[in-house]
Amino acid sequence: MRKPPHPSPTRPLAPHERLVRGNPPATAVDTADPEAWIDHDRRVRATTARGGASTSPGSGTEGPGAEVLGPGDRAFDPQWDEGARDVTWTDFPPTEPETALALCHHRWRVREAAVPFAAGRPALLPLLLLRCADGRAPVRERARRTFGVALDGPGAAERAAALVPLAVQLALRPHGGPGLALVLAAAPALPSSLPARLLASPRPRARLLGVGLCLHRGLLPPARLTELILTAEDPAVRRLCTDALLARVSAGDPHRLLDPLLIASSAATRSSAVTALHRAGRGPEALGHLADPSARVRTAARLVARLEGADPWASYRERCADPVAPALPPGAVFGLAESRAPDAAGLLRPLTRHPEGRVRAAALAGLRMLDAVSIDELMAAMDDPHPPVVRTARKALTPYVLLVPEEWLAALVNPARPTHVRRAGLRLLGAHSLGLRKRVLAGMEEDQDAEVAHEAQRARYEPLPPA
């Protein structure tokens, strides 16, 4: 006996399908989500271009248990009549659902003909705003005239404020600017909840435009700006909020607006805050940022320190004078090298033997920056137990790899060496000749280190260049 098919759940109707059935726009579309209106416009245009609802019989999209729209379910289906040069409305004047479908029709003449019937219907204002950014000039010009009239009257400010998120999204289109201007002109006051709605947009450019609008309307207090600077995912939004917050810093910074920015994770934010210390009357605090891990912040701190009459180089020399000083920040070592003072190399060389590996790596990089390190010193650093030191030495040795002994290069990839030393040796071998790589890596195809084994196999089968 054949088992009956397992019943499939009924697929919910899409917004444009509910409109076809005669549901009003307020219940057919998520009116609070601007993306829902944009998606509705796209779906209706695609559906009408195919000649009917996407779930009509024979469309190929109905599945087991799907809710199919038959001819009797189509309460409204506006079409363009070429003979009459007009729209074949089901009712005249058309109802809200039929007008909502016609405003998104793939034929621009249908969209243009539907624009006047949207007047006086607040539920259709989002679709009318969409037509203000239409790609066809007759449609958007007629829609802008109708939209301007629709936003004039009692309750217009509230209706316009609710349309701001959609208008910001549409402003990214080639013809969307005038629609946003009409909405903002009709909404002199915007709600405090608007920034959260604008920042919820999935489009980075819309989020940036929305933040700029909120700044222009004064909707972002300093606390909210600080939160965006520290947590916003868009670098452009963080920069815009940083500039806006720094512009509000007054003499003395009584509200301590700079404090969260000075410890931000972004080097760009910290450098901007350090630069603003002088204008805020807190210039001496820049000395505490001379050893920042970021070169950008250190440069800003040195600039402010000089404006305050301090000598940043003296601070660097004092910090780096003791070659075994505990808790020496690597930023101070880099700052000493960036000073390019005549005695900088003499202070950096003892720091290559500092107990802390980060300091040794910074000192070696500083000597390389000053071009004051020899090949013998770099070769000795390749045995350092701290991987960043070996990485710094390997980068400095790469241009001179042909000058080092081949036996020394071969010893770097010995299985008895630490992993970070072997992998640095592989990169130095890669900068040397293929013949040396073949000789050194021969027999290492089954090495325990996967990277060494891979390089050995590649060197084995790579053909030598013609003599």
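Predicted model, so just to flag it, every value in this text is computed and none were measured. (Residues numbered from 1 in each chain as written. Predicted model: local features only at pLDDT ≥ 70, side-chain atom pairs only at ≥ 80, totals over all residues. Heavy atoms only, no water.)

Explain the overall build of the protein chain residue by residue, including any values.
Along the backbone of the protein chain there are 27 helices and 2 strands. Out of the 467 residues in the protein chain, the part that is buried amounts to 46%. Summed over its atoms, the accessible surface of the protein chain is roughly 22900 Å², and 56% of this surface lies on carbon and sulfur atoms. (Helix = DSSP H or I, 4+ residues; strand = E, 2+ residues; numbered from the N terminus. Buried < 20%, exposed > 50% of the residue type's maximum accessible area, 1.4 Å probe, protein only. Areas by Shrake-Rupley, 256 points an atom, 1.4 Å probe, with all protein chains shown as cover.)

I'd like a description of the side chain of R282, backed by residues and values.
Here R282 lies in the loop between helix 16 (267-279) and helix 17 (295-307). Looking at R282, the relative accessible area reads 5%, which means it is buried. Side-chain polar atoms of R282 contact the side chain of D259, separated by 2.7 Å. Ignoring any residue separated from it by four or fewer positions in sequence, one finds R282 in contact with G252, D253, R256, L258, D259, L262 and L277. (Polar contact = N/O pair within 3.5 Å; in protein donor to acceptor, adjacent residues only side chain to side chain. Contact = heavy atoms within 4.5 Å.)

Outline helix 17, supporting the account with residue identities and numerical values.
With 13 residues, helix 17 ought to run about 18 Å at 1.5 Å a step, and its terminal C-alpha atoms sit 18 Å apart, in line with that. Residues of helix 17 that are buried include every one of V297, R298, A300, A301, R302, V304 and A305, and no others. The secondary structure elements touched by the buried residues of helix 17 are helix 16, helix 18 (312-320) and helix 19 (330-339). Of the residues that open helix 17, the one with a side-chain oxygen 3.2 Å from the backbone nitrogen of R296 is S294. (Expected span 1.5 Å × (residues − 1).)

A description of the packing of aromatic side chains should follow, citing residues and the corresponding values.
Overall, the coordinates contain 2 aromatic pairs when judged by the stated rule. Judged by centre distance (5.5 Å) and plane angle (85 degrees), the ring pair of F92 and F117 falls under edge-to-face. Of this pair, F92 sits in the loop between strand 2 (86-88) and helix 4 (96-102) while F117 sits in the loop between helix 5 (108-114) and helix 6 (125-132); the two residues are 25 residues apart in sequence, bridging distant segments of the chain. Ring centres of W313 and Y316 lie 6.1 Å apart, and the angle between their planes is 35 degrees; on these two criteria the pair is classed as tilted. Taken together, the residues span about one helical turn, with W313 and Y316 both in helix 18 at a distance of 3 residues. (Phe/Tyr/Trp six-rings, centres within 6.5 Å; stacked < 30°, edge-to-face > 60°.)

Treat this as a map of the structure, not an account of what it does.
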